[in-house]
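Architecture at a glance
The chain contents come next:
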Amino acid sequence: MLTRPRPLVLAVLAALLVAALLIPHLGGAYAVKFTTRVLVSAIFVLSLDFLIGITGLVSFGHAMFFGLGAYALYFVSPESQAANALIAYPAAMVLAGVGAAVIGAVAVLTRGFYFIMVTLAFGQMLFSLFFDTKIAGGSDGAYIYVKPEVALGSITLLDLDDRNTFFYVCVALLVLVYVALLALARAPFGRVLQGIRWNEGRLTALGFNTYVYKLLSFVVAGAFAGLAGVLYATIDGYVTPDLFGWRQSGIAIMMVVLGGVGTLFGPILGALSFSIVEEVLKTESLVGPIAANWSLALGILLIAAVLGAPRGIAGWLEPKRAAVAAAALVATTREQRAAKGKAIETESLSRAFGGLIAVNDVTVRLAPNRVHGIIGPNGAGKTTFINLLSGALRSSSGHIRLDGEDITGLPQHAIARRGLGRSYQRTNIILPFTARENCLIAAQARHPEPMRFSARRFLKEEQAEVAYALKAAGLAARTDTTAAHLSHGEQRQLEIAMLIASGARLLILDEPLGGMGPEETGRVTALLRDLSADHTVILVEHDMDAIFAAADTLTVLVEGRLLAHGSPQEVRRDPEVRKAYLGRFAESEPVA
Amino acid sequence: MPTSASGLTRRNLLVMAGAGATSLALPFPRPAIAQAQPIKVGLLLPYSGTYAQLGEAITRAMELYLKQHDGKLAGREITFIKVDSEASPPKAAELTTKLVDGEKVDILTGPVHSGVAMAMTKIAREVGVPTIDTNAGANAITRQLCAKNVFRSSFSNGQVGLATGKAMVEAGIKTAVTFTWKYAAGEEMVGGFNETFTKGGGKVLKDITVPFPNVEFQAALAEIASLKPDAVYSFFAGGGAAKFIKDYAAANLQASIPLWGPGFLTDGVEKAVGSAGNGVKTVLHYSDDVDNPENKAFRAAFNDAYKIYPDVYAVQGWDAMQLIEHGLKAVGGDVAKRDEFCAAMGQASFKSPRGPFRLSSSHNPIQNFYLRELKDGNNVLVKTVATEFADLTTGCKLSA
Amino acid sequence: MDLVLIQILNGLQYGLLIFLAASGLTLVFGILGIINLSHGSFYMLGAYLSLTLTSYTGDIFLSLLLGIPLAFAFGMLIEWLFIRHLYGRDHLQQVLLTFALILIFNDLQRDIWGPRPHSVPIPSYLAASVQLSDVLSYPVYRLVVAGFCIFLALCMVYVIQHTRIGQMIRAGESNREMVEVLGIDSRLLFRFVFAAGVALAAAAGAIASPIDSVYPGIGEPVLIISFVVVVIGGIGSIKGAFFGALLIGLADAFGKVFLPEFASVVVYALMAAVLIASPGGMFGRAS
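Now for a look at the structure at hand. Position numbers for residues count from 1 along each chain, tracking the sequence in the order it is written. Numbering of ligands from 1 and lettering of chains from A proceed in the order in which they are written. At least 70 in pLDDT is required for a residue's local features to be given in this predicted model, at least 80 for side-chain atom pairs to be given and counted, and no such filter applies to totals for whole chains, interfaces and linings, which use all residues. As a rule here, side-chain values cover all heavy atoms of the structure and leave hydrogens and water aside.

**A short note on the pattern of salt bridges**
Here a salt bridge means any side-chain nitrogen of Lys or Arg lying within 4 Å of a carboxyl oxygen belonging to Asp or Glu. The final tally for this structure, using the stated rule, is 42 salt bridges over all chains. Where Arg478(A) meets Glu490(A), a salt bridge forms, and the shortest distance between an N and an O atom there is 3.1 Å. Placement of the pair is Arg478(A) in the loop between α18 (459-472) and α19 (488-501) and Glu490(A) in helix α19, with a sequence separation of 12 residues. Only protein chains enter the calculation, and the probe is 1.4 Å; a residue is then buried if its accessible area is under 20% of its type maximum, exposed if over 50%, and partly exposed in between. Residue classification places Arg478(A) among the partly exposed residues on the basis of a relative accessible area of 28%. Judged by relative accessible area, which is 16%, Glu490(A) ranks as buried. For Arg492(A), the salt bridge goes to Glu495(A), with nearest N and O atoms at 3.9 Å. Of the two residues, Arg492(A) and Glu495(A) both sit in helix α19, three residues apart, roughly one turn of that helix. Exposure class is identical for Arg492(A) and Glu495(A). Each is buried. Overlapping salt bridges, with partners in common, bring together Lys147(A), Asp161(A), Lys122(B) and Glu126(B) in one network. To qualify as a helix, a DSSP run of H or I must reach at least 4 residues; to qualify as a strand, a run of E must reach at least 2; elements of each kind are numbered from the N terminus.

So, in structure tokens, the structure goes:
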């Protein structure tokens, strides 16, 4: 998870800031303008990194919001009078933000490669719109004749036509945007975004409506890109449809990757170094004949960079982390939590895939505060059944009730919010985060509304829950180790800890013992028994010894149908079960 | 505030320095201070991408001109500072600033692309650096956005359109369909054409456009065939023009509906279209075989130097240098006298390979227009359709 | 009516051409997991190869015969030099590296062939036109282009359905991890698939060169439109690329006639519509 920048990083940033502030005194007019452009690029790529590096949405059309911001200045500027930046700049952010909301509403439906291409296409669409139509000067672009000023009433505070004044404004805004985006990324809202980047499925299963989160982050990034755009338009007072083009978006991605994805400060360095390299390569007096082939040289440098330093410039300043030091936690006690498990029941639940009926007319009630095992041969429909319970799949017919409430057909995150948590066959955690950070995101699912920009409100409650969950799952000693460095068994425990921290009262665990040795199996089995004091636990498991030892009730599915349901003894005695499934296993065990 | 220094702009300083120098040096023919360093001429031209060919032609002509003058104009040494514009408008302002503030050029020339020109002249107007547009034809630059320090050695889109419309009326064409890319240059050329063509009694049946830089023309060809005009007036450039001419010929339309256009339709792609272009008639301010000694000398020298004959873009570059020379001579090589320098350029009148050249009150060339016909890869001069023909000066407040 | 007929012809011919470019792109993404922004450069390579080779051999088809294997070899080289380092890396690095390749290829193009547009002659025996109405004819060579694309598409169907390499491609098409599970030497398969993608794009550029003329940056619009096709068809699906390309070709052709104001928006709007209806494309595998 994104931490506060290390001292080394802060030192580098501070040095750059000082250097920047000196430029108007030491450098000439051109140095000031050049740096102003770098500052504006930096704000732009920062906003892109928020999208790419924090949320994990790789947009190839981010320039469209830059363009919208730039054109906003054109729209609000009177012909022969200065616009007020206090109105124009927020207006640009609003226009870009609204644009992002509309486009994002569609784009965020898709993921991965599709998302890249959809954003690219929307960018091209906006380009065409401004290029082909006369809404803003058409293909040759448009002038903003008088540059904006910062005014209160009739008093002009800052004249942005003065390039030094504007330069300082840009420096201030870059610092502001960096601090704001860093704070946002580290706030509860941003934590969820970071979780989404690495494991969206887990976040959905915890009860977060990831669509809304992704859309919001798209809007935030768009609005800040709009700010960069309006600053760009202020520099020279000229806007052109090409600002929307995919090359602009592409270059921004270059800068982000070059600087270091997901670090926020990296892209600032990326923008700076990319601009300087390009400037140098294009200046004949510095590089001689290479200037004629500057783009070839730039291409080679970029390839060297991506192959040689995949983590970008930030990679040199920040080591990969295995553990993160953090303050000790105080756990709540079970008594303080006073939680109770939830019951779940199904009524004639069915699910068909084409002609295949994977779950067929299952009616069963699973009582609270018990450990329930679901068993059956391969293809019996166990996984489909729990996918139906958790809302990952929709039922074809029938009903599901959680503590009496009908939850049939609700989206997965809504069901999760009602206290149903599930784990997966393949461990589903956020590998680059520490155990504590994983649980912290999970604990946040107790208040999953996206508009949480301050950690303070639920801080105590959440930290106590995290501590409780880690302790309950037997991971107290591994709190600040990154999940990727945990053993396989520990990772499974962490997944359970996340469910506990999320406040789930009904845990559906898909083969929690898979791949474990006998010692780990024993430990986790004991853990599950213990958990049933304040949770209902549903297990799908192939390890028969373990499940017969752990479960209070067993539900046997065969070919999608409910074959038997009862205590392990009852099930073991059931002749149907013996015939259809247990057979040899039952014989080898003495009947109790 | 450290910003107060900028109140004393570089421009003021230069003007003051120049004024001081002249007043001191009045008795002498050449002020000594200004002679110390070469005059820097910035070239903001595309050296990569679709327009690279045009940038190369303009640059070569300018370099040739300088070489013929032993690197000096009006006694002053000249250096060129070239920057690749990439024909990218978003970068244009930045690159212009690089030339003006970074390299501190005394004179700015370029570009090819109208969007780049818009950004470039915006800055030129603000900082006052003498600027010569060597190609970009956006009307506004010498109409509503004209400025005393901005000149054009090329043409305006509307001007070419106006001349072509006139030529088509004179050729007895009564009905026409226009067809171009949907962007400013295309629309301006069509606009100019429509004005003179309809004034002359012609009728435009339809204005067809395709999105820039789309090169799928079949639908439009089908539409043109169904409208059956006397002629088609069309503007495309570069690869798009080559493709259009070939598509037009392949659809067998050339025989029944002759293809007309501004000269850019065929210039630079004569060889690429080969025999498919036979019969295409275009109007331009230059033709390879303009019969005057300047053109003959220019073509021979250019071919000597580069093993290729010059095109209209090269002529524009050449004349930009002529303009600069005129201006410099008038101020005795002291380019710091911007006002005088610009005034002199505005009054310049000289013989160009394209024929007589002078500037209108809005600084757009007043020049001849020629009707040419494409024959086996050569634009052959048919006749002069307009002599010393000026563009409109709509919206320009400069007075002659 | 004429117009509709002609636009159908145009749409199909254009669509078939993009199909060649897009099929390479979709294979490379579907099987190698690589986003290749430099794909348009290979279209350009094909066009310029055709220019040079036709000037030597005098015939476009001879130059195709030579050019396609050359492009294939070039693809192997590029895979070996650059692309193989990207397997398993995240999309961003792929975007960065292949974007850098565009910069390099564009510069090399200018240094080798210069900035002027060039033309590739249509062979004299195909220079005829089919009369469609009293004034309008349809050039025979365009029909040949369409035929050539269909021929290559059929070759692809054969390779995919009846050869061992095709079997691997099919495995990869439905599930990329399958390739590794099947124990296939993925290095060789990847190199072959990438080179095939390059060869297909180059073939498209080459066969279109006589009608399109050859100029710098010719590949860029092809790249964007190919991406749209891949997304509409569903990543990794050849069938999807085929129908997606035809759909785009027709939408483009009719958009220009019926919605001239928004002609350039039509294809993107179509893509957005397809994705809203089915976020994995028309024939995409479930994600």
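**Points about the interface of chain C and chain A**
Contacts are assigned to residue pairs that have any heavy atoms within 4.5 Å of one another. The partner chain A presents 40 residues to the 45 residues of chain C that form the contact. Carbon and sulfur atoms make up 78% of the surface buried where chain C meets chain A, a total of about 3900 Å² over both sides. Note on definitions: buried area is the accessible-area loss of two parts on being combined, 1.4 Å probe, summed for both. If you sort the residues of chain C by the area they bury against chain A, Leu92(C), Leu96(C) and Phe99(C) come out on top, with a joint share of 18%. For Arg247(A), the salt bridge identified is with Glu220(C), shortest N-O distance 2.8 Å. In the analysis that follows, any N or O atom pair within 3.5 Å is treated as a polar contact, provided that within protein one partner can donate a hydrogen and the other can accept it, and provided that, for residues neighboring in sequence, both atoms belong to side chains. The tally of links from chain C across to chain A stands at 10 residue pairs in polar contact (both at pLDDT 80 or more). For the side of chain C that touches chain A, the secondary-structure elements that each account for two or more residues are α4 (91-113), α9 (220-233) and α11 (263-277) of chain C. The biggest single contributor to the side of chain C that touches chain A is α4(C), with 17 residues. Three classes are used: nonpolar for Ala, Val, Leu, Ile, Met, Phe, Trp, Tyr, Cys and Pro, charged for Asp, Glu, Lys and Arg, and polar for all others, with Gly counted as polar. Of the residues belonging to the side of chain C that touches chain A, the class tally is 30 nonpolar, nine polar and six charged.

**What to know about the pairing of strand β11 (residues 281-284) of chain B**
Residues and elements named next belong to chain B. Strand pairing follows a simple DSSP-based rule, namely that at least 2 bridges must link the two strands. Relative to β11, strand β10 (residues 259-262) is paired through three bridges, and the arrangement is parallel. Residue glycine 261 lies in a different strand from β11, and its bridge partner there is threonine 282. When β11 meets strand β14 (residues 365-375), the two strands line up antiparallel, connected through four bridges. By the bridge assignment for β14, lysine 281 is matched with glutamate 373.

**Notes on a nonpolar patch on the surface**
Residue and element names in this part refer to chain A. Residues enter a patch when their relative accessible area is above 30% and they make no salt bridge; the linking distance is 9 Å between like charges and 5 Å between nonpolar side chains (Val, Leu, Ile, Met, Phe, Trp, Tyr). Surface accessibility in these figures is a Shrake-Rupley result with a 1.4 Å probe; residues are shielded only by whichever protein chains are displayed. Among the surface-exposed residues, Leu86, Ile87, Leu152, Ile155, Leu157 and Leu158 lie close enough to one another that they form a single nonpolar patch of about 580 Å² accessible area. For the nonpolar patch, the elements supplying multiple residues, two or more each, are α4 (85-107) and β3 (155-159). Considering each element in turn, the nonpolar patch owes the most residues, three residues, to β3. Judged by its relative accessible area of 48%, leucine 157 falls in the partly exposed class.

**Brief notes about the packing of aromatic side chains**
Any two rings among Phe, Tyr and Trp, with Trp reduced to its six-membered ring, count as a pair given centres within 6.5 Å; such a pair is stacked if its planes are under 30 degrees apart, edge-to-face if over 60, and tilted if neither. If you walk through the whole model with that rule in mind, you get 54 aromatic pairs over all chains. A centroid spacing of 5.1 Å and a plane angle of 35° characterise the contact between Phe127(A) and Phe131(A), whose relative ring orientation is tilted. A residue pair is termed a helical-turn pair when its members lie 3 or 4 positions apart in one helix, as Phe127(A) and Phe131(A) do in helix α5 (residues 112-132) at four residues. Take Phe127(A) and Phe131(A): they sit in the same class, and that class is buried. Residues Phe42(C) and Phe74(C) carry aromatic rings whose centres are separated by 6.3 Å and whose planes lie at 70° to one another, so their mutual orientation is edge-to-face. Of the two residues, Phe42(C) is situated in helix α2 (residues 39-57) and Phe74(C) in helix α3 (residues 60-81); the sequence distance between them amounts to 32 residues.

Keep in mind these numbers describe shape, not what the thing actually does.
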